[in-house]
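# An overview of the molecular structure
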Amino acid sequence: MAKGRDYKVGLDYFELYCHLDDEVKLVQAEYGLKAFAVVVKLWQKIYGERGYYCEWNNDVLLLFMSENGMTGDSKNLVNDIVSACIRRNIFSENLFKKFGILTSSGVQKRYLKATSKRERVELIKEYLLISVGENNKNVVIKSISDGRNTENDAGNTQSKEKKSREDNNTMCMEKAHALFEELWKLYPCKKGKGSVSDAQKRKLLKVGGEEMKRALERYVSYVDSVDFDLHYKNGSTFFNSGYIDYLDANYEQEKKKPDRQQGGQFNQYMHQDYDFEQLEKEILSN
C-alpha cells in the first residue's frame, strides 16, 4: 500500500467459529494443541495487519516467534505447521508459491464483509481468490505494479532465486512427509510417530522409497522368522535408526547353519564303514 494512507486497513477483531473445518482439526491432530494456537495467531496477524493476507518468510517467522514468546527450538515446528496448513488448503498453496503470502478465500470473504462500511478498501488484484461484486463500491483493486510491490530487475532476480530455493525446500518436505506416511502404513508397530523429525524424514527420502520398502520388508521377515519371542521395534525406533542394517549396502542374509550330520567327531565315528556280516559271526562265536 502507498505510504501516508489515511484509511484503516486491518481489523480489530475477527470471527472464530466454535466448529472449525476438518482441515484445521487434522492439522491439530497431527501437531497437537500448539498447531491450533499457531493457526489462530496467524489469523490474528493476517486480519490485524493487512486484513486479508500476510507475507511469510524466514524474517517474518522469526518476528512471529518473538512476538508470541516462542524459542528458537520452535522454528521447525512452526514451519511444519504452516506447511501442513498449506498442504491442507487452509492457506492457498498457489499464492504462497507465487508471492510468499498466506491467505485464503474464506479470509478474503470475511475481510470484505467486515469492511463493507468503510469508505475505502484497497485490494491487490494478483492476491485475490474471490470475485469482488459490483456492490462493493468502496473497494479499489490495484495491481502489484501500481504500488510498493514494484521491483527493479536486479532485486527481482535475487527475489526469484530465493523464492525458488524456498519452493524447492517446501516441495522436498512435502515429498518427505508423503513417503513417511506411506512407509508408516506398512510398518506393523505404529508407535512413536511424532518422534520422527522432519530432518529424519528428509533422510528417508534421500534413501529412496523403494529401498526403504525393501529394508522394511527385510526387517519384518527377520522378526517373523526367528524361533523365539521377538517383538517389533517401535515405529520411531525403526525409522530413526533401526532401518540402517537392512539397507541394500548393509544387509546380509542370514547364512544357513551347517547340517549337524555333516561334521563333528561323533558323526564321523558313526559313518565309518563296517563289515556287519563279519561282526555278526564274531559275536555269535563268543
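For the structure itself, consult the block above.
A brief look at the structure comes next. (Residues numbered from 1 in each chain as written. Predicted model: local features only at pLDDT ≥ 70, side-chain atom pairs only at ≥ 80, totals over all residues. Heavy atoms only, no water.)

## Some words on helix α2 (residues 33–50)
Rules: Strands are runs of DSSP state E lasting at least two residues, helices are runs of H or I lasting at least four, and both sets are numbered from the N terminus onward. Helix span, as expected, comes to 1.5 Å for every residue beyond the first. Partly exposed residues are those whose accessible area sits between 20% and 50% of the maximum for their type, while under 20% is buried and over 50% is exposed, using a 1.4 Å probe and protein chains only. By definition in these notes, contact holds between two residues if any of their heavy atoms fall within 4.5 Å.
Over its 18 residues, α2 extends 26 Å from the first C-alpha to the last, a length consistent with the 26 Å expected when each residue adds 1.5 Å. Within the span of α2, buried status applies to Ala-35, Val-38, Val-39, Val-40, Leu-42, Trp-43, Lys-45, Ile-46 and Tyr-47. Tucked into the core, α2 has its buried residues touching α1 (22–31), β1 (54–55), α3 (58–67), α4 (75–87), β2 (101–102) and α6 (105–114). After α2 finishes, the residue Gly-51 shows a positive phi value of roughly 95 degrees.

## Thoughts on the pattern of salt bridges
We count it as follows: Counted as salt bridges are all cases of a side-chain nitrogen of Lys or Arg within 4 Å of a carboxyl oxygen of Asp or Glu.
Scanning all chains against the criterion turns up eleven salt bridges. The closest approach of N and O atoms between Glu-181 and Lys-193, which form a salt bridge, is 2.9 Å. Here Glu-181, found in helix α7 (residues 153–186), pairs with Lys-193, found in the loop between α7 and α8 (198–207); they are twelve residues apart in sequence, far enough to count as distant. Ionic contacts of the salt-bridge type, sharing partners, join the residues Glu-30, Arg-87 and Arg-88 into one network.

## Focus: the side chain of Asp-198
One can find Asp-198 in helix α8. Given a relative accessible area of 9%, Asp-198 falls into the buried group.

## Observations concerning the packing of aromatic side chains
Definition in use: Aromatic contacts are taken between Phe, Tyr and Trp rings whose centres are within 6.5 Å, Trp giving its six-membered ring; a plane angle under 30 degrees counts as stacked, one over 60 as edge-to-face, and the others as tilted.
Under the counting rule described, the total for this entry stands at 17 aromatic pairs. Between Tyr-53 and Tyr-127, the aromatic rings sit 4.8 Å apart at their centres with planes inclined by 70 degrees, giving edge-to-face as the arrangement. Residue Tyr-53 is found in the loop between α2 and β1, and its partner Tyr-127 is found in the loop between β3 (121–124) and β4 (139–142); the two are separated by 74 residues along the sequence. A relative accessible area of 4% places Tyr-127 in the buried class. Taken together, the aromatic side chains of Phe-180, Trp-184, Tyr-187, Tyr-219, Tyr-232, Phe-238, Phe-239, Tyr-246 and Tyr-251 make up a single cluster linked through ring pairs.

## Considerations on the packing of α3 against α4
Short version of the rule: As a rule, the C-alpha atoms of each element are fitted with a line to give its axis, helices using only the stretch in contact, and angles between N-to-C directions run from 0 to 180 degrees. Here the angle decides the label: under 35 degrees means roughly parallel, over 145 means roughly antiparallel, 65 to 115 means roughly perpendicular, and every other value means oblique. Here is the rule for handedness: rotate from the far helix to the near one, and if that takes an anticlockwise turn smaller than a right angle the crossing is left-handed, while a clockwise turn gives right-handed. Here the term charged refers only to Asp, Glu, Lys and Arg, the term nonpolar to Ala, Val, Leu, Ile, Met, Phe, Trp, Tyr, Cys and Pro, and the term polar to all other amino acids, Gly among them.
Relative to each other, α3 and α4 sit at 115 degrees, their axes nearing to 11 Å. Judged by the inter-axis angle, α3 sits roughly perpendicular to α4. Here α3 and α4 pass one another in a crossing that is right-handed. Along its contact with α3, which presents Asn-58, Leu-61, Phe-64 and Met-65, the element α4 presents Lys-75, Val-78 and Asn-79. Residue composition of the contact of α3 with α4, grouped by class: four nonpolar, two polar and one charged.

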